[in-house]
Amino acid sequence: MTLKIAVAQIDIALGQPAINEKKIITYAEKASDLGVDILVYPEMWNTGYDLKNLATLADIRGEKSVSLLRSLAEKYHLNIVGGSVATSQNDDEFYNTMYVFNNQGKQISMYNKLHLFGLMNEEKYITAGKSMNCFTLSGIPSAAVICYDIRFPEWIRTMMSKEPQQILYVVAEWPVQRIQQWQLLLQARAIENQTFVVAANRVGRDDNNVFGGHSLVIDPLGNIIQQASDENEALLVAEINIADEDYIRGEIPVFRDRRPELYQ
Ligand SMILES: O=C(O)CCC(=O)C(=O)O
């Protein structure tokens, strides 16, 4: 089975959801023109890392973002891994939340970022999630994580081995100075889990960081299928063949050969 996957590598205007929403719409239109099956957005696309202003900026219960993503999924018949957005659940509780929609406009997953990134003081403003993010999208069992989560292979393995998920989606705001680590971590997650990795990073800058782009689509052997530039906005498009993964898992059956009883 071949899937056409697109990654929206975009710049994000700090603290300006209305501007960012327009861009989200533009990239859905572009993906639709190219006949894409699955579209992936980056992390915190509504506000960027404007953590100090979440009280006024965060999307209340995620309602605006859900409505936008649902309408795009329906209108363009796109499966959408909706990056993440800043949401508020109560007046003073904020989350970094991912929503996933199928191409009928049905929400099939919601995930709150589990590992918060201390270097950006994320834990001072955001409440950490506690739940997994596994779903079937376009018929493919998949999992998705947010940015810093990729430094925790035990968490990703937990999700990937629940049932062997075949695609791992990663959405990020990853700074340029650690972009080599971004690539290596993603390749490692692909190889150890024998999975396709589809990773969306933003470009541009905010007051504290320059973000490194370099969005990637990686095969289950860790080979890079497609990569975007480090600086420019782009719609990165790749075709993946899921049967390749079945073949690789058959040759080196790491999921069968695990010894989880010894890992505690
Ligand atoms: O782990 C890193 O180096 C970057 C993580 C990050 O920027 C984030 O989680 O927002």
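Residues numbered from 1 in each chain as written. Predicted model: local features only at pLDDT ≥ 70, side-chain atom pairs only at ≥ 80, totals over all residues.

Sites flagged by UniProt as "domain: CN hydrolase" (unreviewed entry) map to residues 3-242. The span residues 3-242 is 26% helical and 33% strand by assignment, and the distance between its end C-alpha atoms comes to 8 Å. (UniProt positions renumbered as here; feature names shortened; annotations may be inferred. Helix = DSSP H or I, 4+ residues; strand = E, 2+ residues; numbered from the N terminus.)

Where helix 1 (residues 17-33) meets helix 3 (residues 63-76), the axes come as close as 10 Å, and the angle between the chain directions of the two elements is 20 degrees. Judged on the interaxial angle alone, helix 3 and helix 1 are roughly parallel. As helix 1 packs across helix 3, the resulting crossing turns out to be right-handed. Contacts between helix 1 and helix 3 pair Glu21, Ile24, Ile25, Ala28 and Ser32 from the former with Leu68, Leu72 and Tyr76 from the latter. (Axes fitted to C-alpha atoms, helices over the stretch in contact; angles between N-to-C directions. Parallel < 35°, antiparallel > 145°, perpendicular 65-115°, else oblique. Left-handed = near helix turned anticlockwise from the far one by under 90°. Contact = placed C-beta atoms within 7 Å.)

Turning next to the environment of Asp246. Summarising the element assignment, Asp246 is placed in helix 7 (residues 242-251). In this structure the C-alpha to C-alpha distance between Asp246 and Pro220, which are 26 residues apart in sequence, comes to 9.6 Å.

A few words on the nonpolar core. Nonpolar side chains tend to gather and get buried jointly when the protein is soluble and globular. Core analysis: the largest hydrophobic core is formed by 75 residues, its most contacted members being Leu39, Val40, Val170, Val171, Val197 and Val198. Those residues in contact with Leu39, other than ones at most four positions away along the chain, are Ala6, Ala8, Ala28, Ala31, Leu78 and Ile80. (Core = buried A, V, L, I, M, F, W, Y, C linked by C-beta atoms within 7 Å. Buried ≥ 20, exposed ≤ 12 C-beta atoms within 10 Å, placed from the backbone.)

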